[in-house]
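Letter by letter, the chains look like this.
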Amino acid sequence: MGFLSVVHSDIGIKKSTNQDSVLVKEAVTDYGGVCLAVVCDGMGGLAKGEVASAALIRAFSDWFENRFPLFLYTNRTEEGINRLELENDLNRMVLEVNQKIAEYGLQSHVAMGTTAAMILFAEGRYYIMNIGDSRVYRIEKEKLIQLTKDQTFVQKEIDQGRMTPEEARNHPQRNVLLQCVGASEVIIPEFECGEYKENELYMLCSDGFRHLITDEEFRKIMNVEKMDTEKNMQDAAVYCTELNKSRMEKDNISVVLIKTC
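Remember, predicted model here, so these are calculated numbers, not experimental data.

**Q** How do you make sense of the nonpolar core when you look at a structure like this?
**A** Among soluble globular proteins, nonpolar side chains are generally buried collectively. The biggest cluster of nonpolar side chains holds 35 residues, and the ones touching the most others in it are Phe60, Phe68, Leu86, Leu90, Met93 and Leu120. Every element with two or more residues in this core is listed here: strand 3 (32-44), helix 1 (48-66), helix 2 (68-73), helix 3 (83-108), strand 7 (116-122), strand 8 (125-131) and strand 11 (190-195). Sorting elements by how many residues they give to this core places helix 1 first, with eight residues. For leucine 90, the contacting residues outside a window of four places in its chain are Phe60, Trp63, Met118, Met129 and Phe191. The next biggest cluster of nonpolar side chains, apart from the first, holds 22 residues, and it includes Ile139, Phe218, Cys240 and Leu243.

As structure tokens, this is what we get:
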């Protein structure tokens, strides 16, 4: 099984730097095509959020090239990749980067951090890791399925029954993160795993890409049946970005689209 993929990132209408970083890497292996996609949304003074997100993206790239092959070829179970060991290794990698970013922040006297939303496709299964409020979705004809859960103050309030999703959308603390890489002493990523099939569309995005577009609009613009070429996918990503900007989204705006084929 192969993949169509596009990346689009925009500085937006207000910020002086783009603190988002994105990554897509693909490879052909003895076990079929594999694909890694990551969106990181950096934050910090003096444009240091860009440093944090770029550092984590470099770590993911290095992990895919040098550590992931060990799981694909040697660290396996009867079902395929050893999921528990894969998650443990990703967690170790994130903790390593967390320490490096924190140390750099102390030296620079600037607090900085980054979210991370990752999806890895291999052998008919996807593996997701999430830290913060960047998201992974599967876009279907009839619905938009969020595959990650935000690690935010408002999501915690929703989970504990003290706030409704409608109240959370406009809450003044909606962007308050419970943890992010580089600014949290303890990092506990959320992991998910599932099966994927041909002709499925997945979207990873920073929060600036999704605040001002409804689920119904996403489904119409990114109609799965029309997302049959990378050009059509790129056009949809650019259209949504410009729509966000026309609605005065103030954040950086980034998206990755992956179509299985």
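Now that the structure has been shown, we can carry on.
**Q** I tried to follow the layout of surface pockets on my own but got confused; where do I start?
**A** Taken as a whole, the largest pocket spans an internal volume of roughly 630 Å³. Looking at the largest pocket, it is lined by 23 residues, and the ones nearest its centre are Arg135, Gln146, Pro165, Arg169 and Arg210. Sorting the residues of the lining of the largest pocket by element identifies strand 9 (135-139), strand 10 (144-146), helix 4 (153-159), helix 5 (165-169) and helix 6 (215-221) as the ones contributing at least two each. Grouping the constituent residues of the lining of the largest pocket by class yields nine nonpolar, six polar and eight charged.

What counts and how
Residues numbered from 1 in each chain as written. Predicted model: local features only at pLDDT ≥ 70, side-chain atom pairs only at ≥ 80, totals over all residues. Heavy atoms only, no water. Core = buried A, V, L, I, M, F, W, Y, C linked by side-chain atoms within 4.5 Å. Buried < 20%, exposed > 50% of the residue type's maximum accessible area, 1.4 Å probe, protein only. Helix = DSSP H or I, 4+ residues; strand = E, 2+ residues; numbered from the N terminus. Contact = heavy atoms within 4.5 Å. 1 Å grid on protein atoms, 1.4 Å probe; cavity = no way out; pocket = protein on both sides within 12 Å on 5 of 7 lines; lining within 4 Å. Points joined across faces, edges and corners; volume = space filled by probe spheres on them. Nonpolar A, V, L, I, M, F, W, Y, C, P; charged D, E, K, R; others polar.

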